[in-house]
Each structure stands twice: as C-alpha cells, then as structure tokens.
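One letter stands for each residue in the lines below.
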Amino acid sequence: MPRIEFGQWVNDGVEWLTTHMGWLFDFFEQVFRGAYDGVDAVLQAPEPLLLAGIFAVVALWLRGTLAGVLTFAGFAFVISLDLWEDAMVTLSLVLVATVIALVISVPLGIWAARSSRVSAVVRPALDLMQTLPAMVYLIPAILFFGSGAAAGIVATLVFALAPGVRMTELGIRQVDKDLVEAAEAFGTTPRDTLFRVQLPLALPTVMAGVNQVIMLGLSMAAIAGMVGTGGLGGGVNEAIGQLNIGLGAEAGIAIVILAIYLDRMTSALGTQVSPLGRRAAARLRAAQGLNIWSYRPRASVAVVGVVVLALVAGGMGALGGGGKADPVADGDDIGQGKRISIGYIPWDEGVASTFLWKEILERRGYEVEAKQFDAGPLYTSLAEGDIDFQTDSWLPVTHEQYWKKYGSELEDLGSWYGPTSLELSVPAYMEDIDSLDDLKGKGAQFDGKITGIESSAGMMSLLKSKVLGAYGLDREYKVVDSSTPAMLAELKRAYDKKEPIVTTLWSPHWAYSDYKLKKLKDPKGAWGEGDGVHSLARKGFTEENPVVGRWLKDFELTEDQLTSLESEIVKAGKGRQQDAVRTWLEDHPGLVDKLAPVEDSGTPAEAQRPLDVAWFPWDEDIAVTYLWKNVLERRGYRLNLKQMDVGPVYTGLASGDLDLNFDAWLPYAQKNYWDKSKDKLHDLGTWYEPTSLELAVPSYVKGVDSLEDLKGKGRTFDGKIVGIEPGTGEMNLLKSKVLPGYGLDDEYEVVDGSTPAMLAELKRAYAEKEPIAVVLWSPHWAYSEYELTKLEDPKKYFGEGNTIRTISNEDFPERYPQLTKWIKNFRMSEDELGTLEREIKDRGQGHEEEAVAAWLKEHPELVERMTPAA
C-alpha cells in the first residue's frame, strides 16, 4: 500500500500559513505578549510576602480563616524555596491563557448548547484537542508565534479550551426544560432566557469548567517551559535534563501549591457567583454558627484588606523597585545597555557557558536574558531571530539534523571546546567488556538492548546506521529510544543493583564522575573523530554586534576550566548559576579580560555621549537612520532613535534636545521650518539629490499627464487630492501655490492625512481601478510597486526639486568633529537608497536593523566609505 504523505501535507500547510499569514500571527503575538507582560509586571512588582498576603485575604474572603492561613503559609514556603518569581511567571501565563480560553470557550459552549448542528461539529474537534499529546501543541505554537510567552500562551489555551466548551454546553443543556418553556410562555426573549434563566442555573457547571480550564492550563504551562516561557515549567525541565530530584521536587511542590490555591479559589468563586450556591453557603454557615476557622469577612472588608496591603507595598517602594546591576566602568561599557538574548539547553556545559557569557556581557554593559529550551525549539527560535546566540551546539554529528534544517539561517561562530567523544559505556563491574567488539555474542546478557537518548539526536542515528553495523551488532541489539534523563535514570537503577547495562554516553559528562564506567573502545573508528561544542548565532548577529561576535569566535575553555565551572554551578543549585559563575571567576582572575578584551579600536572620545537622532516615518529616513545606526555602532557610538513629526524635530534640534536628523528636504519642502530655526541649526550637507515633489495618478487614468490636465476633471477624482501630513512644506506649497497656479483651487480639495493613510488609499483605489490623485515625491517605492504617472509641472510651481540633507543643533560640529566630517562626506546613489528601502520594506516593521545588516553584506564597502579610519 502506498504511503500517505500526511506529515508532508501538514508541513506544506504550516509553511503556507507562515508565509502568507505571518502578519496575522505577528499581530496576535504582540497582543498575547503585551497581555502577559502587563500581568507579569503587576504580579512581580510587590514584595513577595505582601502579595502572598493579598492572596491570603482573597482566600479568607472566599473560603474562610483556615484557607487564608494555609494560603499564606503555602506561598511563604514557595518564597523560601526562592521560586516566587518563577511561580508568578507561571501564574501570569496561566491567567492570560485562561482568560483568552474562556472568551472563546464560553460563547462557543453556549452556541453548541443552542444548536445541535454546531454541537455535532464542535464535539469531534474537542475530542481531537483533548486526545492529542500536550507536547504536540508546542510545535505549531513556536513556528507561528516564536519562542517565549506568546507560544506558551497559545499552546496552553488550545490544550485547556475543551473543558470550557464542554462544561458550558452541558450546564445549559441540563437546565430544566420546563423552566425554559415557562419563561418562553411568558414572552421572554431568547436573549433574556439565556441570561436570566439558563446561565444563572448553569453557572455551577460553567464554573466547574472554568476550574478545569485553569487546571489544564497550569499543567500545560509547566510543559510550555520547553519553549522558553521560563517559570516553574523551566525549573521542571531543567531538573529532568540534569536528573536533579531535589530541584524537580522543589519546582513540582511549587506547582502543586499554585494548583491547589487556584483550584480552591475558583471552586469557591463558583459558589459566590451562583445564586443557588450563595443561598446554600448561607444556610450552612447559619447551621454551623460562629466558627473562627470558617469565618469569612464580607466582600467589602476583603477589598479594604487587599487595598491596604497594596498601598503598603507601594509605600515600601515595591512597585518599581528591584535590584540594580552593578555599575559598569566607563571604559568597559561596550554594550551601553543593548539587549542580548542567549538560549540554552539544560545540559551542564550549556548552562555553564551560557551563564558565564551572561556575566561577562553584563560586565561589559549589555543587558542579557538567558532562556531555556529543548534542542528543537532552541534551533527554531535561533533561526527565526527570537534568540541572539547559543553556546552548546554539538557539531558535526550530534546536532547534524538541526544544522541541515536550519544551518542556512544561522552563523557558526566556531568551536570553543573539543574534541568531544561519542561512545557506548558499561559499568566498570562488567569486567569482560572493554570495546565494541566485546559486545558481539553477548546480547542476551543485556536483554538485547542498548539504552539510548532522544531519537532525534545525531548520535542515535549514527549508532543505528553505522556503528552497530560496523561491529555486526545490528541484528543482536535493539537501540531503545528514550531521553537523556531516562537513560541516566536507567543507568542509575542498573548501577545500584549491579545489573548489566550498556548506554549511549559522551564526553565530557558528569556521569563519569558519579559512576565508575568504561568507555567502550572503538578500534574501527565508526563513531568518527568526535564533535566540537560550537557557538551559533542568528543570521546577522555578528554584523549588528561585531565586538561580541569577535569575542565568541575567539572563545575557548579547557577541560579543567569547564568541569570546574560545572561543578561550581551544581553545588550552587537552581537559580544561583550566575552567583556560582562569579565565585568561579574569583578563582580565575583575568579570564574576563581574556575572553572579552576591551581594546582601543580607535573609537573617538566623542562617542562616549549617546546621540539623540530624530526620524520621520518616511522610507528614506528610516533607511538612512538605521544605516547610520548600524555603521556608527561599529565605531563605538550609541544612537537613541526617536520617531517624531517634522515640526517637533526642528524645535528639538533648535533647543538642543536633539542632535541629528538625516532627512531635511531643502530648500523647499521644509522651508518654513528651516527659516524659523536656521540660526540655531547646522546644515551638514547633502547626501542625496535631486528629489522632486509631484502629484501622481495611476497609469490607467488616461488623458491626465500633467497638472494642467486636471482642469475640468474634478468629478473624475471626486473633487479631492489625497495628501499627507498637514504642515509639511509640500502640502503648504500645493495649497498656496500649485493649485492656484493651475486654477485648480476651486475645483479640488486637498485632503490632509498622513503618508501611511495616503498609501493605503492609493492601494485601495489601484486595486479597484478607481481614479485617484495623490501627493507623492521621488524617490519613493510606490513607483516600483504601482504603475503611476508623475504629473508634469510645466510652470515649475513645485520648484526645481529638493536635496536631502543632514541637519543638527548648533553645538553638534564642535562636540562631534569626527562624526561631522563623516556626515559631510556622506553620499548615497539612487540605486543604493532604493535597494535599502526595498530590503526594509520586505522584512517588515520591527526588523529594520536586520534588513540593514543584510543589505550591508551586499554592500560591504559602504561602512568604510561612510566612516573611513583616520
């Protein structure tokens, strides 16, 4: 029977979605990430004990004194485990995912309850969602939404969606039909029947669904730690990777405490919001009498308690407090606060090298975030640009499949440790087995199996496809796919019982220090020469960060350095990796300067002061501003970019609040602004010319080739010309001179708006082949996107064209003499500017720096041309 290529169909579908619907996923990613960041900021802001007190007051109100006391004790225990920050990260993710899941599931459940057809369609989909393994949801989530919170939220809400729909539908269907019929008989509308009869009576069941959504969301949030969401899930995954039972127990008990709290509170809240539940609870309290352990204050008292604790937190400076990083010496402040993200797999050498570089880069003035992943999501995130670099790629063998898939999107910064070795190992008490040859004929002794690791690892494919065959072991032994933690657990169990076992292992690995093991010799060299541990970066990273790129390319550690650092981190425990690195660095003085040397690269002294550069959201300004940002950062400068309108830019330059603007259209387009402030500004010269201002119409509008042709055709264009930002020189010139000069001022109205609005209107009209006249200028990418006619200006009312110039405040040349010289000599051709604008447009908003870095690879001479060495 021919194989059905279902998996390939799925891959093709996902590729189509990411290609054609990427804009939609980017939008939702921003929404989810923004919601998560907001909730996390609120939960992380107060002092932990004060927030635990707030949670305790909520428990006191919903369930009574005993629940309040136990809540505070439970969360105090989490704080004592130093897991409070991780717990709040997980809680933030669960809350956001739950709210979104309920917004979808409750209306869908209502619809399914009121329509048998909808229910018949929804039920199989819910069955599929509940049956698929939870980890499967992580794959599309990270492909569509990248790594981090957004992917975790999506995977969590999809996994948790089903019970919300099912319980809502069940609750409404279980409402007594006689009550519904009675309501309808009295003339109640279907809407009122739903909200006044069915939902109030179904509320206990609906709230049970809410409870299940939260519980499933919490269980999935732990799994989502594999895609870089962090939190308690990250701790669990790290414990699994290191086979650290203590760490797993700590993270696990923190999840349990969080789960119990959410379960009890949502259950009690279901009672509070249900009229039937409130009456039943009131009768129970009346029957019990006053009981201090079940005493519950009124809602108003609980709210006052929460507000008081929140105010105390604010008075203590907890909102917006937080520790500050150690100051960085001026000469070492290479990064000047620039953000860098490092991804790592929770393997010992990966953790050690990652937190070593986190400490080094922070000492050099960078702001560094370290995020934990599994191998697959890490490579995916790196290829998509969500992570800047990682330091634990085993090449060319172990991670071969990932390199084949993503290598074209990555930069290999070289090996910093090696060679490693891949091997099969047996306990030292297996005295008669010293090499792979010795395994021949002894399959029964090992139950015919070799305990392996992840099936996707290059080591496993090499073992199955080459090593076993080379020694004639492929028919005698079966390789058992599992995971690194499972393999280590099986090794520990067999070792404790002195049972025969053969496992896949590699060097360096801590197992060789914990157990007496023998590396089986490979006389035929079937394993190859061993891997190197490489650092990999996203495409364009070294272009944007040449100094860090050079440090990473020169990075090396000896075996003694690496193993001693790993040992220090293991002793320090979870959450104290960077403290361990600092302690280790004290015993290795001078290593930071060796790994990240601060050299005199000829950076001018003037570069120590950041530059405030203003830019307009115009294509040529975006292009040239980000070009200068890239080039000047290579020379040690730091640019603070600020998007502004034209008027505020000239005002800011004149007052000295801004340093530069690269997009002054003079002498016409911005003449009024220049004339007003020119005594307080400096003209640093032209970098592009000539430009032109014009009106343009689509080429399908026949008979309109010049401004004179517009006369008498106002009805064709609905009597309007679509303009850009009011107050720009071009708009003033058009209204005051061009239209009156051609006798068009009574026939046409210039519609003020913005450049994006004008382009959107042009796109809409062009798609529908409608007549339209718009304000445009050259150069502009619209002329390559659409077939347009520039209307000739025979009377030259638009003037002879502008030049694009760089202007500064009056003190700039004196404070930045070197940069002033560079800028005055700067020029760009039309082809250079056009291709750079197109690169930025193609990559989309938010990816300007990547676009410039990619474009500079095609124009490597431009950096030296713009900023030649003295």
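The rules behind the values
- Residues numbered from 1 in each chain as written.
- Predicted model: local features only at pLDDT ≥ 70, side-chain atom pairs only at ≥ 80, totals over all residues.
- Heavy atoms only, no water.
- Helix = DSSP H or I, 4+ residues; strand = E, 2+ residues; numbered from the N terminus.
- Buried < 20%, exposed > 50% of the residue type's maximum accessible area, 1.4 Å probe, protein only.
- Contact = heavy atoms within 4.5 Å.
- Areas by Shrake-Rupley, 256 points an atom, 1.4 Å probe, with all protein chains shown as cover.
- Axes fitted to C-alpha atoms, helices over the stretch in contact; angles between N-to-C directions.
- Parallel < 35°, antiparallel > 145°, perpendicular 65-115°, else oblique.
- Left-handed = near helix turned anticlockwise from the far one by under 90°.
- Phe/Tyr/Trp six-rings, centres within 6.5 Å; stacked < 30°, edge-to-face > 60°.
- pLDDT = per-residue confidence, 0-100.
- Expected span 1.5 Å × (residues − 1).
- Pairing = 2+ DSSP bridges.
- Right-handed = clockwise from strand over helix to strand, strands pointing away.
- Patch = residues over 30% accessible without salt bridge, like charges linked within 9 Å, V, L, I, M, F, W, Y side chains within 5 Å.
- Salt bridge = Lys/Arg side-chain N within 4 Å of Asp/Glu carboxyl O.
- Core = buried A, V, L, I, M, F, W, Y, C linked by side-chain atoms within 4.5 Å.
- Lys, Arg positive; Asp, Glu negative; His and termini not counted.
- Charge placed at Lys NZ, Arg CZ, Asp CG, Glu CD.
- Polar contact = N/O pair within 3.5 Å; in protein donor to acceptor, adjacent residues only side chain to side chain.

**Structural notes on the overall build of the protein chain**
Reasoning step 1: What the protein chain contains, in helices and strands, is 36 helices and 20 strands.
Reasoning step 2: Burial analysis of the protein chain (870 residues in total) assigns 50% to the buried set.
Reasoning step 3: Long-range contacts, defined as pairs at least 24 residues apart, comprise 80% of the intrachain contacts of the protein chain with a sequence gap of at least 6.
Reasoning step 4: Summing over all exposed atoms, the protein chain offers an accessible surface of approximately 40500 Å²; the carbon and sulfur share of this is 55%.

**Description of the packing of helix H23 (residues 559-572) against helix H24 (residues 577-586)**
Reasoning step 1: With their axes 8 Å apart at the nearest point, H23 and H24 run at an angle of 135° to one another. Taken as axis vectors, H23 and H24 run oblique relative to one another. By crossing handedness, the relation of H23 to H24 is classed as right-handed. Two secondary-structure elements touch here, H23 through Gln-561, Ser-564, Leu-565, Glu-568, Ile-569 and Ala-572 and H24 through Gln-577, Ala-580, Val-581, Thr-583 and Trp-584.

**A word on the packing of aromatic side chains**
Any aromatic ring pair is given by two values, namely how distant the centres are and how the planes are angled relative to each other.
Reasoning step 1: A complete count under the given rule lists 30 aromatic pairs for this structure.
Reasoning step 2: Judged by centre distance (5.0 Å) and plane angle (55°), the ring pair of Tyr-495 and Tyr-515 falls under tilted. Placement of the pair is Tyr-495 in helix H19 (residues 484-497) and Tyr-515 in the loop between helix H20 (511-514) and strand S9 (517-519), with a sequence separation of 20 residues. Like Tyr-495, the residue Tyr-515 is buried in the burial classification.
Reasoning step 3: Ring geometry for Trp-615 versus Tyr-626: centroids 6.2 Å apart, planes at 70°, classification edge-to-face. Here Trp-615, found in strand S11 (residues 611-615), pairs with Tyr-626, found in helix H26 (residues 619-634); they are 11 residues apart in sequence, far enough to count as distant.

**Details of the environment of Glu-689**
Reasoning step 1: Counting through the fold element by element, Glu-689 comes out in the loop between strand S14 (681-688) and strand S15 (692-698).
Reasoning step 2: Distance in space between the C-alpha atoms of Glu-689 and Asn-802 is 7.0 Å, their sequence separation being 113 residues.

**Here's the deal with the confidence of the model for the protein chain**
Detail in the predicted coordinates should be disregarded across regions flagged by low pLDDT.
Reasoning step 1: Counting all residues, the mean pLDDT for the protein chain is 83, and 88% of those residues have values of 70 or more.
Reasoning step 2: Under a pLDDT of 50 for its full length, residues 317-325 has, in the predicted model, 8 contacts with residues more than four places off or in other chains.

**Brief notes about helix H3 (residues 48-63)**
The α-helix winds at 3.6 residues per turn, so residues separated by three or four positions along the chain end up facing the same way.
Reasoning step 1: Taking 1.5 Å per residue as the helical rise, H3 with its 16 residues ought to reach 22 Å, and the 22 Å between its terminal C-alpha atoms agrees with that figure.
Reasoning step 2: For H3, the set of buried residues is Leu-50, Leu-51, Ala-52, Gly-53, Ile-54, Phe-55, Ala-56, Val-57, Ala-59 and Leu-62.
Reasoning step 3: Gly-64 lies just past H3 and shows a positive phi near 115°.

**A closer look at unusual backbone geometry**
Most peptide bonds take the trans configuration, and most residues that are not glycine carry a negative phi.
Reasoning step 1: Of note, the bond from Gly-418 into Pro-419 is cis; its omega dihedral lies within 30 degrees of zero at -5°.
Reasoning step 2: Positionally, Pro-419 belongs in the loop between strand S4 (410-417) and strand S5 (421-427).
Reasoning step 3: Cis geometry is adopted by the peptide bond preceding Pro-667, which originates at Leu-666 and carries an omega value of 15°.
Reasoning step 4: Relative to the helices and strands, Pro-667 resides in the loop between strand S13 (660-666) and helix H28 (671-677).
Reasoning step 5: Of note, the phi angle at Lys-769 is positive, near 60°, even though the residue is not glycine.
Reasoning step 6: If you trace the backbone, Lys-769 turns up in the loop between helix H30 (755-767) and strand S18 (774-778).
Reasoning step 7: Judged by relative accessible area, Lys-769 falls into the exposed class, the value being 53%.
Reasoning step 8: At Lys-796, a residue that is not glycine, the phi angle is positive and equals roughly 60°.

**Some details on the side chain of Glu-544**
Reasoning step 1: Among the secondary structure elements, Glu-544 is positioned in helix H21 (residues 541-544).
Reasoning step 2: We classify Glu-544 as buried; its relative accessible area is 11%.
Reasoning step 3: Aside from chain neighbours lying at most four places away, what touches Glu-544 is Lys-338, Arg-538, Asn-630, Glu-633, Glu-849, Glu-850 and Ala-853.

**Comments concerning the pairing of S11**
Reasoning step 1: Most of S11 sits inside the fold, with 5 of its 5 residues counted as buried.
Reasoning step 2: With burial as the criterion, each face of S11 is covered, one bearing Leu-611, Val-613 and Trp-615 and the other bearing Asp-612 and Ala-614.
Reasoning step 3: Inspection of the sheet shows S11 paired to strand S12 (residues 639-643) by 5 bridges, in the parallel sense. Across the sheet, the residue bridging to Val-613 is Leu-641, located in S12.
Reasoning step 4: For the crossover that starts at S11, traverses H26 and ends in the parallel S12, the hand is right-handed.
Reasoning step 5: One ladder, built from 2 bridges, connects S11 with S13; its direction is parallel. Paired with Val-613 across the strands is Leu-660, a residue of S13.

**Details of a nonpolar patch on the surface**
Reasoning step 1: Together, Ile-4, Phe-6, Trp-9 and Val-10 make up an exposed nonpolar region whose accessible area comes to about 450 Å².
Reasoning step 2: Along the chain, Trp-9 turns up in helix H1 (residues 6-20).

**Here we look at the pattern of salt bridges**
Opposite charge on two side chains makes pairing possible when the charged atoms of those side chains draw close.
Reasoning step 1: For the structure shown, the criterion picks out 34 salt bridges.
Reasoning step 2: Note that Arg-363 is salt-bridged to Glu-359, the shortest N-O span being 2.7 Å. Of this pair, Arg-363 and Glu-359 are both found in helix H15 (residues 348-363), 4 residues apart, which corresponds to roughly one turn of the helix.
Reasoning step 3: A residue is classified by how much of its surface remains accessible, and Arg-363, at 34% relative accessible area, is partly exposed.
Reasoning step 4: Here the residues in one salt-bridge network are Lys-338, Lys-629, Glu-633 and Glu-849, joined through shared partners.

**What about the sheet that holds S13?**
Reasoning step 1: With mixed pairing, 5 strands are arranged side by side in an open sheet as S12-S11-S13-S20-S14. Among the strands making up the open sheet, the edge pair consists of S12 and S14. If you compare each strand with its neighbour and ignore which way they point, the axes differ by 35° on average.
Reasoning step 2: Taken strand by strand, helix H33 (residues 817-824) contacts S11, S13, S14 and strand S20 (803-809), and its axis lies near 40° from that of S14.

**What to know about the sheet that holds S4**
Reasoning step 1: With mixed pairing, the 5 strands of this open sheet are ordered in space as S2-S1-S3-S10-S4. Looking at strand neighbours, the two that pair on one side only are strand S2 (367-372) and S4, the edges of this open sheet. Strand after strand, the sheet turns through a mean of 30° between neighbouring axes, direction not considered.
Reasoning step 2: In the sheet, strand S3 (residues 389-395) pairs with strand S10 (residues 532-538) via 5 bridges, with the strands oriented antiparallel. For Trp-394, the partnering residue across the bridge sits in S10 and is Val-533.

**Some words on the nonpolar core**
Reasoning step 1: Counting 92 residues, the largest nonpolar core has Leu-627, Trp-628 and Leu-819 as its most contacted members.
Reasoning step 2: Here this core gets 8 residues from one element, more than from any other, and that element is H26.
Reasoning step 3: With near-sequence residues (within four places) excluded, Leu-627 lies in contact with Phe-826, Met-828, Leu-836, Val-852, Trp-855, Leu-856, Leu-862 and Met-866.
Reasoning step 4: Core analysis: the next-biggest nonpolar cluster, separate from the first, contains 73 residues, Tyr-417, Leu-436, Phe-446 and Ala-580 among them.

**Digging into a negative patch on the surface**
Reasoning step 1: A cluster of like negative charges, contributed by Asp-176, Asp-178, Glu-181 and Glu-184, occupies part of the molecular surface.
Reasoning step 2: Locating Asp-178 in the fold gives a position in helix H9 (residues 177-185).
Reasoning step 3: With a relative accessible area of 53%, Asp-178 lands in the exposed category.

**Focus: the environment of Ala-537**
Reasoning step 1: Looking at the element boundaries, Ala-537 is found in strand S10.
Reasoning step 2: Take Ala-537: its relative accessible area is 0%, and that puts it in the buried class.

**Observations regarding the side chain of Asn-802**
Reasoning step 1: For Asn-802, the location among the structural elements is in the loop between strand S19 (788-790) and S20.
Reasoning step 2: Here Leu-666 takes part through its backbone nitrogen, which lies 3.4 Å from a polar atom of the side chain of Asn-802.
Reasoning step 3: The residues touching Asn-802, leaving out its near neighbours within four places in the chain, are Trp-665, Leu-666, Pro-667, Tyr-668, Ala-669, Pro-690, Thr-691 and Leu-693.

**Thoughts on the environment of Asp-37**
Reasoning step 1: For Asp-37, the position within the fold is in helix H2 (residues 22-44).
Reasoning step 2: Judged by relative accessible area, Asp-37 falls into the partly exposed class, the value being 41%.
Reasoning step 3: On a C-alpha basis, the gap between Asp-37 and Ser-92 in space is 8.3 Å, while along the polypeptide they are 55 residues apart.

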